[in-house]
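Below, each chain spelled out in residue letters.
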Amino acid sequence: MDLATLSLVHDILEQRGIRRAAARAGRPASSASAALRRVEAALSVPLVRRDGQALVPTLEAENRLPHFAEIARAAAALLSLGQGTPGGHAIPLASLTRFAAAAKAGSINAAARSHGLGQPQLTRQLAHLEKAIGCTLLDRSAKGIGCTPEGLEALALAERITAAWETLAAASTERFRRSAATWRLGAIIPFGHESEIAGMLARLAVEWRAARPRQPLFLSSTTADELISGLKNRRFDLILLDTDRYPAEFDGCLIDQSPLALAAPRDLREHDGQDLAALLRRHPIAVPSPRSGLRQMTDHFLEATLTPAERARLTLVEVDSIPVIINLVLKHGHLSILPENSLANIRPPPVLLPLGPAYRQSLSLVWPRDTLSRQAAETVIPILSRRAP
């Protein structure tokens, strides 16, 4: 790892964009992107995520940003000590560590031995460091070495940089140690604390701990598309999807199916429910994210019920939150297609108009094709499949 890479990544996080950071540094965008990948690999932590067209620092990156800023400030101060060579701030962190060791030992030979290097090799590295910064850091004599005034400043800056990097690395080592023993299950977002899925996941958290006390279970909720993406890049070990369709590269098991209904306001008149097509044309329809299995089933129902011209005139309100959708139905005159069982605990519930056996929400547990994942799935399936009393 080197100062140029770390400073560039700091700029990416500050500027929230690879191209902007690259332009400020006078480097190609591909170099900035490669720098970001190197640091993420070194720390085993994702530092950015896409939010539409914007690049947003992850929470892990936000927590580490002060340490990146400390490195960037100290690196700029280090380079200001002299007139270095072009690109001189691509200084390896190892060179700073070895310079500090030599300065403190007062002997290049002693520092070389402590780092398992030959004296000529360390001498060359120190000469390269001085050339990169553009000033003499060490006074050499028959009695040993000592720091020049610039060398004393460089020593303090080198120690600040290495301390900040060690803090970053230590945080990632601890995170990796914790996560290595943790199983991560991603699930679709429950409708609320009283919903069937919320009950399933709570039961799983309790019974997993009893079955596997040495392997913590981490539960996270997001959309179906994000879950599949997370399983592919191993952010999740298993996922619970709201669909029975998933990539053929994975194994899976159908956990449950529940009938879907058209949820309507409580004041809906009885005769209004006799023609679903007319009802859909008259009311705004709240729909979940296109990345969810429930939205896919909603689109399927609308295509089967309405003509293309009728669908073009619908008022669709897209909301990436099921509790908000339920509120729109109960209090603001919207319709929505939702699982009957998940609405049964609302008192009083909305009007529910059954859609028929062709429209059901499926819950599937999906996992990679390897032995450990299969064994974890064998623990999870009976817990999720068992109906709550």
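Residues numbered from 1 in each chain as written. Predicted model: local features only at pLDDT ≥ 70, side-chain atom pairs only at ≥ 80, totals over all residues. Heavy atoms only, no water.

Novice: Tell me about the overall build of the chain, residues and numbers included.
Specialist: For the chain, the count of helices and strands is 16 helices and 13 strands. Computed over its C-alpha atoms, the radius of gyration of the chain comes to 30 Å, more than 25% above the 21 Å expected for a compact globule of 389 residues. Residues classed as buried in the chain amount to 46% of the 389 residues present. Sequence-distant contacts in the chain: of pairs separated by 6 or more residues, those separated by 24 or more amount to 71%. Surface summary for the chain: the accessible area is close to 19400 Å², and the carbon and sulfur share equals 53%. Charged side chains in the chain number 46 positive and 38 negative. The centres of these two groups are separated by 5 Å. (Helix = DSSP H or I, 4+ residues; strand = E, 2+ residues; numbered from the N terminus. Rg over C-alpha atoms; globule rule 2.2 N^0.38 Å. Buried < 20%, exposed > 50% of the residue type's maximum accessible area, 1.4 Å probe, protein only. Contact = heavy atoms within 4.5 Å. Areas by Shrake-Rupley, 256 points an atom, 1.4 Å probe, with all protein chains shown as cover. Lys, Arg positive; Asp, Glu negative; His and termini not counted. Charge placed at Lys NZ, Arg CZ, Asp CG, Glu CD.)

Novice: For the packing of helix α2 (residues 18-25) against helix α3 (residues 29-43), give the residues involved together with the corresponding values.
Specialist: Interhelical geometry of α2 versus α3 gives an angle of 110° and a closest axis separation of 8 Å. It follows from the interaxial angle that α2 and α3 lie roughly perpendicular. Here the hand of the crossing between α2 and α3 comes out right-handed. Across from Ile18, Arg19 and Ala22 in α2, the residues of α3 making contact are Ala29, Ala32, Ser33 and Leu36. Grouping the constituent residues of the contact of α2 with α3 by class yields 5 nonpolar, 1 polar and 1 charged. (Axes fitted to C-alpha atoms, helices over the stretch in contact; angles between N-to-C directions. Parallel < 35°, antiparallel > 145°, perpendicular 65-115°, else oblique. Left-handed = near helix turned anticlockwise from the far one by under 90°. Nonpolar A, V, L, I, M, F, W, Y, C, P; charged D, E, K, R; others polar.)

Novice: Please provide a residue-by-residue account of the pairing of strand β3 (residues 138-141), values included.
Specialist: Successive residues of a regular strand alternate their side chains across the two faces of the sheet. Sheet topology note: the β3/strand β4 (residues 144-147) ladder contains 4 bridges and is antiparallel. Within β4, the residue paired with leucine 138 across the bridge is cysteine 147. A loop of 2 residues connects β3 with β4, the two strands running antiparallel in sequence. (Pairing = 2+ DSSP bridges.)

Novice: Summarise the packing of aromatic side chains; cite the residues concerned and give the values.
Specialist: Counting across every chain of the model gives 1 aromatic pair. Taking NZ or CZ as reference, arginine 212 lies 5.9 Å from the ring centre of tryptophan 183, over its face. (Phe/Tyr/Trp six-rings, centres within 6.5 Å; stacked < 30°, edge-to-face > 60°. Lys NZ or Arg CZ within 6 Å of the ring centre and 35° of its normal.)

Novice: An account of the side chain of histidine 10 is requested, with residue identities and associated values reported.
Specialist: Secondary-structure assignment places histidine 10 in helix α1 (residues 3-15). Residue histidine 10 is classed as buried on the basis of its relative accessible area of 12%. In this structure, histidine 10 is in contact with Leu65, Phe68, Ala69 and Ala72, ignoring residues within four places of it in sequence.

Novice: How would you sum up helix α5 (residues 93-105)? Please name residues and give values.
Specialist: With 13 residues, α5 should cover 18 Å at 1.5 Å per step; its first-to-last C-alpha distance of 19 Å lies within 8% of that length. Among all positions in α5, only Leu93, Ser95, Leu96, Phe99, Ala100, Ala101, Ala102 and Ala103 are buried. Looking one or two places after α5, you find glycine 106, whose phi comes out positive at around 70°. (Expected span 1.5 Å × (residues − 1).)

Novice: I'd like a rundown of unusual backbone geometry, residues and numbers included.
Specialist: One non-glycine residue, arginine 16, lies in positive phi territory at about 55°. Residue placement: arginine 16 occurs in the loop between α1 and α2.

Novice: Go over the environment of lysine 143, please, and point to the residues and values.
Specialist: If you trace the backbone, lysine 143 turns up in the loop between β3 and β4. A relative accessible area of 85% means that lysine 143 is categorised as exposed.

Novice: Just give me the short version of the nonpolar core, but keep the residues and values in it.
Specialist: Core analysis: the biggest nonpolar cluster contains 55 residues, and Leu3, Leu47, Phe68, Leu78, Leu96 and Phe99 have the highest contact counts within it. Within the residue set of this core, elements represented by two or more residues are α1, α2, α3, α4 (59-79), α5, α6 (108-114), α7 (119-133) and α8 (149-180). By residue number, the principal contributor to this core is α8, which donates 8 residues. Non-local contacts of phenylalanine 68, meaning those with residues more than four positions away in its chain, are made with Leu6, Val9, His10, Leu13, Val39, Leu43, Leu47 and Leu168. Leu262, Val319, Ile322 and Ile337 belong to the second-largest nonpolar core, a separate cluster that totals 31 residues. (Core = buried A, V, L, I, M, F, W, Y, C linked by side-chain atoms within 4.5 Å.)

Novice: Account for the pattern of salt bridges, with residues named and values stated.
Specialist: Counted according to the given criterion, the structure contains 12 salt bridges. With a closest N to O distance of 2.5 Å, glutamate 159 and lysine 104 form a salt bridge. In this pair, glutamate 159 sits in helix α8 while lysine 104 sits in helix α5, placing the two residues 55 residues apart along the sequence. For arginine 295, the salt bridge goes to glutamate 318, with nearest N and O atoms at 3.0 Å. Of this pair, arginine 295 sits in helix α12 (residues 293-305) while glutamate 318 is found in strand β10 (residues 316-318), placing the two residues 23 residues apart along the sequence. Connected via shared salt-bridge partners are Glu70, Arg73 and Arg160. (Salt bridge = Lys/Arg side-chain N within 4 Å of Asp/Glu carboxyl O.)

Novice: Give a detailed account of the packing of α5 against α7, specifying residues and quantitative values.
Specialist: With their axes 10 Å apart at the nearest point, α5 and α7 run at an angle of 110° to one another. As the angle between them shows, α5 and α7 are arranged roughly perpendicular. Residues Ser95, Leu96, Arg98, Phe99 and Ala102 of α5 form the contact with α7, whose own contacting residues are Leu122, Gln125, Leu126 and Leu129. In the contact of α5 with α7, the residues fall into 6 nonpolar, 2 polar and 1 charged.

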